[in-house]
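Read off the chains here:
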Amino acid sequence: MTNIICITCPKGCHLSVDEQNDCAVTSNACPRGAEYGRNEVLHPVRVVTSTVRLEGGALPRLPVKTDRPLPKEKVFDCMRLLDGLTVTAPVKTGQVIAAHILGTDVDIVATRSL
């Protein structure tokens, strides 16, 4: 049995996930909690937010994020990739900075126009 706190809404339900019983979730107040609990045990994912170097812009760093959740085991590899990126201004919000990172269908996108 795994106990986790659901982050899909502000309630923060304390979920219990029973791996021995097909990842049955209890203590959830809504169906989203059940889905979150199952996914968190079977294959956790995270949206990564960070910054990259920016040349020729009003600021030295450009805020970026993944356009969809990335498998949790690839988060540190993603951060190493972002550390090596330099973008040249101008950049528009939503512009793809790096496509299909780490062999996934996840893109890095700008979250601010600079």
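Residues numbered from 1 in each chain as written. Predicted model: local features only at pLDDT ≥ 70, side-chain atom pairs only at ≥ 80, totals over all residues. Heavy atoms only, no water.

**Points about the sheet that holds strand β8 (residues 86-88)**
Read from one edge to the other, the open sheet built from 5 strands follows the order β8-β5-β6-β10-β9, with strand pairing classed as mixed. The outermost strands of the open sheet, each flanked by one partner alone, are β8 and β9 (96-98). Strand after strand, the sheet turns through a mean of 45° between neighbouring axes, direction not considered. Summarising the sheet, β9 and strand β10 (residues 108-110) pair through 2 bridges and their orientation is antiparallel. Within β10, the position partnered with Val96 by the bridge is Val109. Each of β5 (49-55), β6 (61-66) and β10 touches helix α2 (residues 75-83); the most contacted strand, β5, lies at about 15° to it. (Pairing = 2+ DSSP bridges. Helix = DSSP H or I, 4+ residues; strand = E, 2+ residues; numbered from the N terminus. Axes fitted to C-alpha atoms, helices over the stretch in contact; angles between N-to-C directions. Contact = heavy atoms within 4.5 Å.)

**Focus: the pattern of salt bridges**
Counted according to the given criterion, the structure contains 5 salt bridges. With a shortest N-O distance of 3.3 Å, Asp105 and Arg68 are connected by a salt bridge. One end of the pair, Asp105, is in the loop between β9 and β10; the other, Arg68, is in the loop between β6 and β7 (70-71), and 37 residues separate them in sequence. For Asp105, a relative accessible area of 47% corresponds to the partly exposed category. Three or more residues joined by partner-sharing salt bridges are found here, namely Asp67, Arg68 and Asp105. (Salt bridge = Lys/Arg side-chain N within 4 Å of Asp/Glu carboxyl O. Buried < 20%, exposed > 50% of the residue type's maximum accessible area, 1.4 Å probe, protein only.)

**A word on the side chain of Asp107**
Here Asp107 lies in the loop between β9 and β10. Despite being buried, Asp107 has no salt bridge partner; Arg68 is the closest side chain of opposite charge, sitting 5.9 Å away. Looking at Asp107, its side chain comes within polar contact range of the main-chain nitrogen of His100, at 2.8 Å. Apart from the residues within four sequence positions on either side, Asp107 is in contact with Lys65, Thr66, Asp67, Val96, Ala98, Ala99 and His100. (Lys, Arg positive; Asp, Glu negative; His and termini not counted. Polar contact = N/O pair within 3.5 Å; in protein donor to acceptor, adjacent residues only side chain to side chain.)

**Re the sheet that holds strand β3 (residues 24-26)**
Pairing within the open sheet is antiparallel, and its 3 strands lie in the order β1-β2-β3. Both outer strands of the open sheet, β1 (2-5) and β3, are each paired with one neighbouring strand and no more. Averaged over all pairs of adjacent strands, the angle between strand axes in this sheet comes to 30°, irrespective of strand direction. Relative to β3, strand β2 (residues 14-18) runs antiparallel, the two sharing 3 bridges. Among the inter-strand pairings, Asp18 is bridged to a residue of β3, identified as Ala24.

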